[in-house]
Amino acid sequence: VSNSSPTDERACALQFLRDRDESTFLDLYRRFTPMLYRVAYRMAPQAAAEIVQDTWVRALQKLPEFRWESRLSTWLVGIAINRSREEIRRNRAESMSDEVEPIARAALVPDHLDLEVAIAQLAEGYREILLLHDVEGYTHEEIAQALKIEPATSRSQLARARAVLRELLGKNEVRK
Amino acid sequence: MSADHRDEQGIPRAENLRALRQSPVPPPALERQVVNALRSRGLLRSGERNRMRSLWPVIAAAACSLGFVAGTLFSRGNRTSPATVSQPEFAFFLHDSPGRPGAGGAEEVTLVREYIAWVQQQRAANHLVTGEKLGEQAVELSGLQGQNLREEHSSLGGYFLIRAQDMNAALAIARTCPHLKYGGSIEIRPIEDTSSR
């Protein structure tokens, strides 16, 4: 989660809405893009830059309607996740069917399975929650706002995500 | 990943997961790419150009407060036709540069003062005919029946109409304009005298 306070975020965004000034935007961009890029990269590495770009385009289009019911960073990461989902679906449709993909994925698992690769092996839904909660530090309430789900769903998904991650890492030890 | 990096349940330790925040970092070129994408969709204006444009009303207002009559400083009404004056006229189109260094608070005040002094000087020397700030919106119409409409951002921020003996004299006047000092550019075009045609 961005280190900036919600008040700072809001002041900066409102200033941007007033002037649409490049330097004001760059202030917002530099606060949030590192986090957006990391999330996008771990969801769809081949299109991370494109996802970040589209996230900003969509965000600035919708910013006047943003109701400040969540933090700006929470709203932005929700847009980035949605855009990542589109990318994943598009790739899936273009490359291989859902049945083939897990087999192909398993075949691609390297002998030395590090944490990054294990996370990449997680199913999309698990990966989203694990990245947002365990890596980026969002709370379940914030994840619920970003992904439009219940906080309880976020909690249960995280528990499952961690279990699968443990299994993946354990599997690696067996393989080693 | 070694087992040391996991807790007793085999779950990666929180600090190892949080350490993933260190990378990857966005490629530096992405910033410009995003800015260009936003600009091309009309979602963003150039900060530098905005600053320059925002100065025009300040300059006009400051000029008025210093005793100028706005109608004579930036007026359309008192413009004399090229046919009735002995000297030719030149249009100075003031373009803002997106790459020019930004003016800070104190620098901005200095810039306004310099503009006022320059306008005053040109007026005293009977060089200044008129000047106008241009609005933000730039719409280009093309096609035989004007069917192509394109809204875009223009670097053209305003213009002055200047009397000068010839192009060299106009160039000499333009070179003294503070607009250049602050990174903008000036396009100089002679007003063609069509009265004898």
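Placed above this text is the structure.
Since this is a predicted model, take the numbers as computed values, not measurements.

What counts, and at which threshold
- Residues numbered from 1 in each chain as written.
- Chains lettered and ligands numbered in written order.
- Predicted model: local features only at pLDDT ≥ 70, side-chain atom pairs only at ≥ 80, totals over all residues.
- Heavy atoms only, no water.
- Pairing = 2+ DSSP bridges.
- Helix = DSSP H or I, 4+ residues; strand = E, 2+ residues; numbered from the N terminus.
- Axes fitted to C-alpha atoms, helices over the stretch in contact; angles between N-to-C directions.
- Contact = heavy atoms within 4.5 Å.
- Buried area = accessible area lost by both parts, 1.4 Å probe.
- Salt bridge = Lys/Arg side-chain N within 4 Å of Asp/Glu carboxyl O.
- Buried < 20%, exposed > 50% of the residue type's maximum accessible area, 1.4 Å probe, protein only.
- Phe/Tyr/Trp six-rings, centres within 6.5 Å; stacked < 30°, edge-to-face > 60°.
- 1 Å grid on protein atoms, 1.4 Å probe; cavity = no way out; pocket = protein on both sides within 12 Å on 5 of 7 lines; lining within 4 Å.
- Points joined across faces, edges and corners; volume = space filled by probe spheres on them.
- Nonpolar A, V, L, I, M, F, W, Y, C, P; charged D, E, K, R; others polar.

Caption draft 1: Structural detail: the sheet that holds strand β1 (residues 89–95) of chain B. Residue and element names in this part refer to chain B. Judged by pairing direction, the sheet is antiparallel, and its four strands sit side by side in the order β2-β5-β1-β6 without closing on themselves. Bordering the open sheet on either side are β2 (128–133) and β6 (185–190), each of which pairs with just one other strand. The sheet shows a mean angle of 20° between the axes of neighbouring strands, taken without regard to direction. Where β2 and strand β5 (residues 156–163) come together, five bridges link them in antiparallel fashion. Directly across from E132, in β5, lies its bridge partner Y159. The strands that helix α6 (residues 167–175) touches are β1, β5 and β6; relative to β6, the one it contacts most, it runs at about 155°.

Caption draft 2: Highlighting the interface of chain A and chain B. Facing the 40 residues of chain A at the interface are 33 residues of chain B. Buried area between chain A and chain B, both sides added, is near 3200 Å², and the carbon and sulfur share of it is 61%. Per-residue buried area on chain A facing chain B is highest for E22, Q53 and L115 of chain A; these three make up 18% of the total on that side. Here chain A is connected to chain B by three salt bridges.

Caption draft 3: Representation of the pairing of β5 of chain B. All names here are of chain B. Burial analysis of β5 places six of its eight residues in the buried class, which makes it a mostly covered element. Bridge analysis of β1 against β5 gives seven bridges, and the strand direction is antiparallel. Looking at the pairing, A91 lines up with L161 of β5.

Caption draft 4: Spotlight on the packing of aromatic side chains. All names here are of chain A. Applying the stated criterion across every chain, the model contains eight aromatic pairs over all chains. Summarising the aromatic geometry, the rings of F25 and W56 are spaced 5.2 Å apart at their centres and angled 90° between planes, so their arrangement reads as edge-to-face. Here W56 lies in helix α3 (residues 48–62) and F25 lies in helix α2 (residues 22–43), a separation of 31 residues in the sequence. Between Y29 and W56, the ring centres sit 6.1 Å apart and the planes meet at 35°, which makes this aromatic pair tilted. Of this pair, Y29 sits in helix α2 while W56 is found in helix α3, placing the two residues 27 residues apart along the sequence.

Caption draft 5: How the structure looks around the side chain of T24 of chain A. Residues and elements named next belong to chain A. Turning to its location among the elements, T24 is positioned in helix α2. Owing to a relative accessible area of 12%, T24 belongs among the buried residues under this scheme. Not counting residues up to four positions away in its chain, the partners in contact with T24 are C12, Q15, F16 and D19.

Caption draft 6: Quick peek at empty space enclosed by the protein. All names here are of chain A. Counted according to the given criterion, the structure contains one cavity of 30 Å³ or more. In terms of lining, the largest cavity is formed by A13, L28, W56, A59, L60, L63, L72, W75 and L76. Looking at the lining of the largest cavity, the elements that each hand over two or more residues are α3 and α4 (72–95). When grouped by side-chain class, the residues that make up the lining of the largest cavity number nine nonpolar, no polar and no charged.

Caption draft 7: Examining helix α7 (residues 124–135) of chain A more closely. All names here are of chain A. Burial within α7 is extensive, with ten of its twelve residues counted as buried. Within α7, the full set of buried residues consists of E124, R127, E128, I129, L130, L131, L132, H133, D134 and V135. Backbone geometry just after α7 places G137 at a positive phi near 85°.

Caption draft 8: Quick peek at the pattern of salt bridges. Residues and elements named next belong to chain A. Following the criterion strictly, the structure yields 18 salt bridges over all chains and no others. One salt bridge connects R67 with E69, and the closest N-O pair in it is separated by 3.7 Å. Residue R67 is classed as exposed on the basis of its relative accessible area, which comes to 65%. The exposure class assigned to E69 is exposed, which follows from its relative accessible area of 58%.

Caption draft 9: A look at the layout of surface pockets. Residues and elements named next belong to chain A. Here the second largest pocket is characterised by a volume of approximately 410 Å³. Listing elements by their share of the lining of the second largest pocket, those giving two or more residues are α3, α4 and α8 (140–147). By residue class, the composition of the lining of the second largest pocket is five nonpolar, five polar and six charged.

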